[in-house]
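Structural overview
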Amino acid sequence: MLKIYNTLSKRKDEFSPLNGGFATMYCCGPTVYNYAHIGNLRTYIFEDLLVRTLSADMPVKHVMNVTDVGHLTSDADSGEDKMELGAAREGKSAWDIAKFYEKKFFEDFDSLNCKRPTVIARATEHIKEMIALVKKLEEKGLTYKTSDGIYYDTSKFPDYHNLVGRAHIEGLKTGARVDFNDEKRNPSDFALWKFSPKDKQRQMQWDSPWGVGFPGWHIECSAMAMKYLGDTLDIHCGGIDHVAIHHTNEIAQAQGATGKQYVRYWIHGEFLIMANGKMSKSGGGFVTLDTLKEKGYSPLDYRYLCLGAHYRTQLEFSYEALTFARNTRLGLMDRIAALKESAETGAKDEAALNAAKAAFKDAMDDDLNASKALAVLWEYIKGGACAGDKLEFIKYADGFLGLSLLEGEAQKPLPQEAQEILEERKAARARKDFKTSDELRDKLSAMGIAVKDTPKGQEWRWK
Ligand code: AMP
Ligand code: ZN
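Owing to the predicted nature of the structure, the values given are computational and were not obtained by experimental measurement.

1. Comments concerning the site of ligand 1
Around ligand 1, a shell composed of 17 residues is seen, among which Thr31, Gly39, Thr43, Asp241 and Lys281 lie nearest. Thr31 places a side-chain nitrogen or oxygen 2.7 Å from an oxygen atom of ligand 1. Take Asp241: an N or O atom from its side chain is 2.5 Å from an oxygen atom of ligand 1. In the complex, 94% of the free accessible area of ligand 1, which totals 500 Å², lies under the protein chains. Sorting the residues of the shell around ligand 1 by element identifies α1 (38–55) and β10 (233–239) as the ones contributing at least two each. Of the residues forming the shell around ligand 1, the biggest block, four residues, is contributed by α1. For the shell around ligand 1, the class distribution of residues is five nonpolar, nine polar and three charged.

Listed below in structure tokens is the structure:
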């Protein structure tokens, strides 16, 4: 059974679901006003490892939101809505921006072999639930109105400091960690509903009991998480940056409204950083998965790199480290290819196989120690087990690692020139020009690429 570090208890806790049979899990999804960068994607890879590890023991109901409105340039409710900024930047509507970057996000997500969540919830499709939650908080006397919105009075929620620590919240009062707003009663108070500005036409806005406007970013997650998973969730995940503001505010909203514990296990992933500092979406100049692909890396090289660093330690990105991850992964794929082609028929050793599986799972169950699990995999593959046992073990391990180890895709990607030759060859075969097709096959062969014609079309592999 999984033991996982819980930001709330500040120790590794044994996981047991509230509802005996299955686990409930909510992950903060992307703000879709720009491409996801590889830092964002590191967080989704760690969450995917968690889903896969838990799924080995029980079904997981996994909800992820898409923030397509309300996330302001400062997490603490000041500045402009990132969606409207994206729209102005690209001369498109905010709705089109959201649609475009959401689609792009899931392309990245899929190519990294992250399992699709059970529910994907867009903020703009849950305004009704958000308004209902704000109304509940209002009825409980936890809110107040300012000239620009409805705010949560955090002084009325005594457990406000629980996740991040009292010292941090006290620090807000003296320091300048949140933007100054004259009308706020306490520095940590935050917007639940914002009024549309009078001097500017917003593209995304809705009617509410308080006037036309849009939801605060924090209320989005509490409302959608509770709609799909109930008042008390087992797990809530996100990047480490969400602890102090976003998740702290989510707790205040949910527990303020229901009086029940909101989340039992808060799990946070550390940041990916660059040698010259933080990687930030709004700061620009960030690295995307497409950048890596253009440089000839597979998304799975990046996944392999992430698996090598524990999710609770910072990972400094470098192309040297990524190249090392790629070479290691390709080395693994070569060994697996050889195993698949091996004619060797050694004796099965069920006991040793089960022991290796148990050691692998123990590593994953120990706070998702994927690098240790990878070491178990390498050791077993290099050891004396028969090819059949090794392949069975690889299949088991890949259920956790998500590296497509048995699917062969993971080979060195094709250079552009070879891709073009394959396309030309496809066209030649379609017009039954077999002479050209054979010549192109020879050309590919000289580049180290073998092509086979199958009923599904041509298939290639590195020789
Ligand atoms: P966003 O799309 O900006 O709302 O962020 C999506 C997810 O990425 C959140 O869970 C963030 O906490 C996380 N995140 C943001 N920056 C990084 C980073 N540099 N490294 C890892 N995770 C990050
Ligand atoms: Zn969230």
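2. Describing helix α15 (residues 434–446)
The first and last C-alpha atoms of α15 sit 18 Å apart over 13 residues, in line with the 18 Å expected at 1.5 Å per residue. For α15, the full list of buried residues reads Ser437, Leu440 and Leu444. Projected down its long axis, α15 carries its buried residues within an arc of 65°, all on one side. Turned more than 90 degrees away from the buried face of α15 sit Lys435, Asp442 and Ala446, all of them exposed. As for α15, its buried residues are in contact with α14 (416–430) and β15 (449–454).

3. Overview of the side chain of Asp398
Among the structural elements, Asp398 can be located in helix α13 (residues 387–401). One buried charge, Asp398, has no salt-bridge partner; the nearest side chain with opposite charge is Arg52, at 6.2 Å. A polar atom in the side chain of Asp398 sits 2.7 Å from the backbone nitrogen of Leu403. Separated by 3.1 Å, the side chain of Asp398 and the backbone nitrogen of Ser404 make a polar contact. When sequence neighbours within four positions are dropped, the list of residues in contact with Asp398 reads Arg52, Leu403, Ser404, Leu405 and Leu406.

4. A look at the pattern of salt bridges
Considering all chains together, one arrives at 36 salt bridges under this definition. Two residues, Lys348 and Glu392, come together in a salt bridge whose shortest N-O distance is 2.9 Å. Remark: Glu392 occurs in helix α13 and Lys348 occurs in the loop between α10 (319–341) and α11 (350–365); sequence separation between them is 44 residues. One salt-bridge network, in which partners are shared between bridges, spans Lys103, Lys104, Glu107, Asp108, Asp290 and Lys293.

5. Considerations on the sheet that holds strand β7 (residues 149–152)
Strand-to-strand pairing in sheets goes through backbone hydrogen bonds, with the strands running parallel or antiparallel. Here four strands make up an open sheet; going across it, the order is β6-β7-β8-β9 and the pairing antiparallel. On the outer flanks of this sheet lie β6 (143–146) and β9 (213–215), each paired with one strand and no other. Going across the sheet, the axis of each strand differs from the next one's by a mean of 25°, ignoring polarity. As paired elements, β6 and β7 share four bridges and run antiparallel to each other. Its bridge partner lying in β7, Tyr144 is registered against Tyr151. Taken strand by strand, helix α4 (residues 127–139) contacts β6, β7, β8 (190–195) and β9, and its axis lies near 120° from that of β8. Against the sheet, helix α7 (residues 243–258) engages β7 and β8, with an angle of about 80° to β8.

Rules of the game
For every chain, the first residue of its written sequence is number 1, and the numbers climb from 1 along that sequence. Each chain takes a letter, starting from A, and each ligand takes a number, starting from 1, following the order in which they are written. Where totals are concerned, whole chains, interfaces and linings use all residues; where local detail is concerned, this predicted model gives features only for residues with pLDDT of at least 70, and gives and counts side-chain atom pairs only at 80 or more. Only hydrogens and water are set aside when side-chain values are computed; all heavy atoms of the structure are taken into account. In this text, near means that some heavy atom of the residue lies within 4 Å of the molecule or strand in question. For the purposes of these results, a polar contact is taken to be a pair of N or O atoms within 3.5 Å, where, inside protein, one atom must be able to donate a hydrogen and its partner to accept one; residues adjacent in sequence count only when each atom of the pair is a side-chain atom. Here the open area of atoms and residues is found with the Shrake-Rupley method and a 1.4 Å probe, where only the protein chains shown may cover a residue. Each helix is a run of H or I in the DSSP string that is no shorter than four residues. Each strand is a run of E no shorter than two, and both are numbered from the N terminus. Under this grouping Gly is polar, as are all residues other than the nonpolar Ala, Val, Leu, Ile, Met, Phe, Trp, Tyr, Cys and Pro and the charged Asp, Glu, Lys and Arg. Here the expected span of a helix is defined as 1.5 Å times the quantity of residues minus one. Only protein chains enter the accessibility calculation, which uses a 1.4 Å probe; a residue is then buried when its area is under 20% of its type maximum, exposed when over 50%, and partly exposed in between. An arc is given here, and it is the one of the directions from the helix axis to the C-beta atoms. By definition, residues are in contact when any of their heavy atoms lie within 4.5 Å. Charge assignment: positive for Lys and Arg, negative for Asp and Glu; neither His nor the chain ends contribute. The working definition used for a salt bridge is a side-chain nitrogen of Lys or Arg within 4 Å of a carboxyl oxygen of Asp or Glu. Two strands qualify as a pair provided that DSSP identifies no fewer than 2 bridges between them. Lines fitted to the C-alpha atoms define the axes, with helices restricted to the stretch that makes contact. Angles between their N-to-C directions range from 0 to 180 degrees.

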